[in-house]
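The chain contents come next:
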Amino acid sequence: MRQKLREVQIKLMRGLLDLVILQFLNVNPMHGYSIITSIRRNFGVYFGPSTIYPLLGTLEEKGYIKSQWNLNNDRPRKVYSLTPEGSNLLNGTEESLNHICRRLTSIGLNRIPINGNNCTPKNLHSLP
C-alpha cells in the first residue's frame, strides 16, 4: 500500500511540476540544479535534469519565465526568474486548485490533506 501511495504522490507532483517551479521562482530566481534539489528537499520526490530542463525551456518559450546567464561564479549558471505572465499564471492556477479542492469537499472528499491542512472551506485561505 505504501508503494501505491508513493506512486500517487509522484503522479500528482508530475502534474503540478510547472506550478511548483513557478512558485519557487516567485520567491527567488534559481538555477536548474537548485530547482531540482528544492523539489527533492520540499516534496521528497526526485525529478532529474532530463525532466526539469526541458520543462524550464517550455516555460521560457511560453513567456512564463526568463533566464539570464550568471558568470560571476567558477561555473556559469543559467538563472531563471518569473515573468509577469508567469505570475499571472501562478495566481490563476492557485485559484483553480482552490476551486478543485472546494469541489472535492462538496462531494464528500474533505479528508485530503494539503500541507497538513484538510481540504475544507475553512482551511482554504490558510493554504500557501
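In what follows, the structure referred to is the one given above.
K.L.:
Give me the overall build of the chain: which residues, what numbers.
P.N.:
Check the secondary structure of the chain and you find 4 helices and 5 strands. In the chain, the succession of α and β elements from N to C terminus is α-β-α-α-β-β-α-β-β. With 128 residues in all, the chain has 27% of them scored as buried. Expressed as a percentage of contacts within the chain between residues at least 6 apart in sequence, the contacts between residues at least 24 apart total 42%. Surface accessibility of the chain: about 8900 Å² in total, with carbon and sulfur atoms responsible for 52%.

K.L.:
Please provide a residue-by-residue account of the nonpolar core, values included.
P.N.:
Grouped together as the largest cluster of nonpolar side chains are 21 residues, with contacts concentrated most on Ile21, Leu25, Ile35, Ile39, Ile52 and Ile65. If you list the elements that add at least two residues to this core, you get α1 (2–27), α2 (32–43), α3 (49–61) and β3 (77–82). In terms of residue count, α1 provides more of this core than any other element does, 8 residues in total.

K.L.:
Describe α1, and please don't skip the residues or the numbers.
P.N.:
Given a rise of 1.5 Å per residue, 26 residues ought to cover 38 Å, yet the end C-alpha atoms of α1 are separated by just 32 Å, more than 12% below that figure. Remark: the principal bend of α1, roughly 60°, maps to Leu16. Among the residues of α1, Met13, Leu17, Leu19, Val20, Ile21, Leu22, Phe24 and Leu25 are the ones counted as buried.

K.L.:
Requested: an account of the packing of α2 against α3, with residues and values cited.
P.N.:
The contact between α2 and α3 brings their axes to 10 Å, and the two run at 120°. On the basis of their axis angle, the class for α2 and α3 is oblique. For the crossing formed where α2 meets α3, the hand is right-handed. Only Pro49, Ile52, Tyr53 and Leu56 of α3 make contact with α2, whose side of the interface consists of Gly32, Tyr33, Ile35, Ile36 and Ile39. In the contact of α2 with α3, the residues fall into 8 nonpolar, 1 polar and no charged.

K.L.:
Would you mind going over helix α4 (residues 84–106) in detail, with residue names and values included?
P.N.:
A rise of 1.5 Å per residue sets the reference length of α4, with its 23 residues, at 33 Å; its end C-alpha atoms lie 33 Å apart and thus fit the reference within 8%. What α4 keeps buried is the set Gly86, Leu90, Asn98, Cys101 and Thr105. Following α4 by one or two positions, Gly108 adopts a phi angle in the positive range, close to 95°.

K.L.:
Can you explain the sheet that holds strand β2 (residues 65–70)? Please cite residues and give values.
P.N.:
With respect to topology, 3 strands assemble into an open sheet ordered β1-β3-β2, the strand pairing being antiparallel. In this open sheet, the two strands that pair with only one neighbour each are β1 (30–31) and β2. With 2 bridges connecting them, β1 and β3 associate as antiparallel partners. By the bridge assignment, Met30 is partnered in β3 with Tyr80. The sheet strands contacting α1 are β1, β2 and β3, and the helix crosses β3 at an angle near 95°.

K.L.:
Which residues make up the packing of α1 against α2, and what values do they have?
P.N.:
Here α1 crosses α2 at 125°, and the two axes come no closer than 11 Å. Between α1 and α2, the interaxial angle falls into the category oblique. Considering the relative orientation of α1 and α2, their crossing is right-handed. In contact with Gln9, Met13, Leu17, Val20, Ile21, Phe24 and Leu25 of α1, α2 contributes Ile35, Ser38, Ile39, Asn42 and Phe43. When grouped by side-chain class, the residues that make up the contact of α1 with α2 number 9 nonpolar, 3 polar and no charged.

Criteria and cut-off values
- Residues numbered from 1 in each chain as written.
- Predicted model: local features only at pLDDT ≥ 70, side-chain atom pairs only at ≥ 80, totals over all residues.
- Heavy atoms only, no water.
- Helix = DSSP H or I, 4+ residues; strand = E, 2+ residues; numbered from the N terminus.
- Buried < 20%, exposed > 50% of the residue type's maximum accessible area, 1.4 Å probe, protein only.
- Contact = heavy atoms within 4.5 Å.
- Areas by Shrake-Rupley, 256 points an atom, 1.4 Å probe, with all protein chains shown as cover.
- Core = buried A, V, L, I, M, F, W, Y, C linked by side-chain atoms within 4.5 Å.
- Expected span 1.5 Å × (residues − 1).
- Bend = angle between axes of the 7 residues up to and from the residue.
- Axes fitted to C-alpha atoms, helices over the stretch in contact; angles between N-to-C directions.
- Parallel < 35°, antiparallel > 145°, perpendicular 65-115°, else oblique.
- Left-handed = near helix turned anticlockwise from the far one by under 90°.
- Nonpolar A, V, L, I, M, F, W, Y, C, P; charged D, E, K, R; others polar.
- Pairing = 2+ DSSP bridges.

Structural measurements only, silent on function.
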